[in-house]
Amino acid sequence: MDLIRILIAIILPPLGVFLQVGFAGAFWLNILLTLLGYFPGIIHAVYIIAKR
């Protein structure tokens, strides 16, 4: 299941984080990072998924 979440995080980072943590602070941070740059959002999303 984590592999699917990581693939989703690469395509759409906030969705991958949302599937992992819901509407927690990490989700909102990931939206901000994705808006500032696509790659920071991907890195953060993969980190959140791999950490849990």
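Below: a short report on this structure. The shown structure was predicted, so the numbers you read here are calculated from the model rather than taken from an experiment.

Calculation rules
- Residues numbered from 1 in each chain as written.
- Predicted model: local features only at pLDDT ≥ 70, side-chain atom pairs only at ≥ 80, totals over all residues.
- Heavy atoms only, no water.
- Helix = DSSP H or I, 4+ residues; strand = E, 2+ residues; numbered from the N terminus.
- Expected span 1.5 Å × (residues − 1).
- Buried < 20%, exposed > 50% of the residue type's maximum accessible area, 1.4 Å probe, protein only.
- Contact = heavy atoms within 4.5 Å.
- Axes fitted to C-alpha atoms, helices over the stretch in contact; angles between N-to-C directions.
- Parallel < 35°, antiparallel > 145°, perpendicular 65-115°, else oblique.
- Nonpolar A, V, L, I, M, F, W, Y, C, P; charged D, E, K, R; others polar.

Focus on helix H4 (residues 38-51)
With 14 residues, H4 should reach 20 Å at 1.5 Å per residue; the first-to-last C-alpha distance of 20 Å fits that figure. Listed in full, the buried residues belonging to H4 are Gly41, Ile42, His44, Ala45, Ile48 and Ile49. Buried residues belonging to H4 abut helix H1 (2-11), helix H2 (13-21) and helix H3 (25-36).

Let's talk about the packing of H3 against H4
Contact geometry of H3 with H4 gives a least axis separation of 7 Å together with a crossing angle of 155°. Viewed along their axes, H3 and H4 adopt a mutual orientation that is roughly antiparallel. Side by side, H3 and H4 meet where Ala26, Leu29, Asn30, Leu33 and Thr34 of the first sit next to Tyr38, Pro40, Gly41, His44, Ala45 and Ile48 of the second. Here the residues of the contact of H3 with H4 sort into seven nonpolar, four polar and no charged.

A few points about the environment of Gly16
Assignment of secondary structure puts Gly16 in helix H2. Given a relative accessible area of 0%, Gly16 falls into the buried group. Distance in space between the C-alpha atoms of Gly16 and Val46 is 8.1 Å, their sequence separation being 30 residues. Contact partners of Gly16, with chain neighbours within four places excluded, come to Arg5, Ile8, Ala9 and Ile49.

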